[in-house]
Amino acid sequence: MTFKLSAETRAKYMQVSTATLCTALFKRGLRNQFIQDVRPLKADGPNMVGEAYTLRYIPAREDLNPITVFQNPEHPQRVAVEQCPEGAVMVIDSRKDARAASAGSILVSRLMVRGVAGIVTDGGFRDSPEIAQLAIPAYHNRPSAPTNLTLHQALDINVPIGCGDVAVFPGDVVVGDREGVIIVPAEIAVEIADEAVEMTAFEDFVTEQVLGGKTIVGLYPATNPQTLEDFKAWRTKAGR
């Protein structure tokens, strides 16, 4: 990974939603950054934020994937679990195939203990009830009990992959919340974080105004100059 999140930028991503990030990216012409059909294993908890560290699966071929392959310390899945950097998010390309597990609770536990920030697959996890209890964010399509070897062969580590129809490059910023996971290109990660924080403050102001009975006309978007003046005053009072 060449891009490294600063503590300041990481903290900004921790407080913004994937919905806000989708809008910020759409303003730059990026329409397809939200990973399709993945969801968090637990409904609450903080955002998942980290640089992408990738693992690519291909369809398994029976003669190459007996259970004994896991005895090899150089097996790509095992190597990836041991090498994924602290603070990174492991993103697994499982070809949107959840018929067999991408990983289970033991491997996810190892990532957690090593300080990895989270794990995402467009396939499924086995031991999903146990993973949901771990102190590491995890996202998948659905639970899947069969071992990955029945359908997946781990092949490449930290290469560009597709996950849920999104291109993921090593070092891209991965952000997950209760809705799902979005990929922010590393090249614009800092400016997107700054913009998303500003957007979040304005959206909080708008929500408060709407709940107080205000119309969205001239408010959202802010086409009425008075709206911006009111927002500035609100922000000063709220310490935002």
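As shown above, the structure is provided for reference.
Treat the numbers as computed from the prediction; the structure is a model and nothing was measured.

What counts, and at which threshold
Residues numbered from 1 in each chain as written. Predicted model: local features only at pLDDT ≥ 70, side-chain atom pairs only at ≥ 80, totals over all residues. Heavy atoms only, no water. Buried < 20%, exposed > 50% of the residue type's maximum accessible area, 1.4 Å probe, protein only. Helix = DSSP H or I, 4+ residues; strand = E, 2+ residues; numbered from the N terminus. Right-handed = clockwise from strand over helix to strand, strands pointing away. Pairing = 2+ DSSP bridges. 1 Å grid on protein atoms, 1.4 Å probe; cavity = no way out; pocket = protein on both sides within 12 Å on 5 of 7 lines; lining within 4 Å. Points joined across faces, edges and corners; volume = space filled by probe spheres on them. Nonpolar A, V, L, I, M, F, W, Y, C, P; charged D, E, K, R; others polar.

Student: What is the right way to read the pairing of strand β3 (residues 89-93) from this model?
Tutor: Moving residue by residue along a regular strand, the side chains alternate between the two faces of the sheet. The buried fraction of β3 is high, at 5 of 5 residues. One crossover worth recording links strand β2 (residues 48-59) to the parallel β3 by way of helix α3 (residues 76-83), and it is right-handed. Examined bridge by bridge, β3 and strand β5 (residues 118-121) share 4 bridges and lie parallel to one another. Across the sheet, residue I92 finds its bridge partner in β5, namely T121.

Student: Where do I start with empty space enclosed by the protein in this structure?
Tutor: Summary: where empty space remains is shown by rolling a probe the size of a single water molecule over the atoms. With the rule as written, the count across this model stands at 1 cavity of 30 Å³ or more. One number sums up the size of the largest cavity: a volume of about 40 Å³. Around the largest cavity, the lining residues are L55, Y57, Q77, V81, M90, I92, S102, A103, L107, L111 and I119. Listed by contribution, the elements that provide at least two residues to the lining of the largest cavity are β2, α3, β3, β4 (101-103) and α4 (105-113). Of the residues in the lining of the largest cavity, the class split is 9 nonpolar, 2 polar and no charged.

Student: What's the story with the layout of surface pockets in this structure? I'm lost.
Tutor: One number sums up the size of the largest pocket: a volume of about 280 Å³. Residue lining of the largest pocket: 23 residues in total, with K42, P46, N47, I136 and P137 positioned closest to the centre. Contributions of two or more residues to the lining of the largest pocket are made by β2, α5 (128-132) and β7 (138-140). For the lining of the largest pocket, a count of residues per class yields 16 nonpolar, 2 polar and 5 charged.

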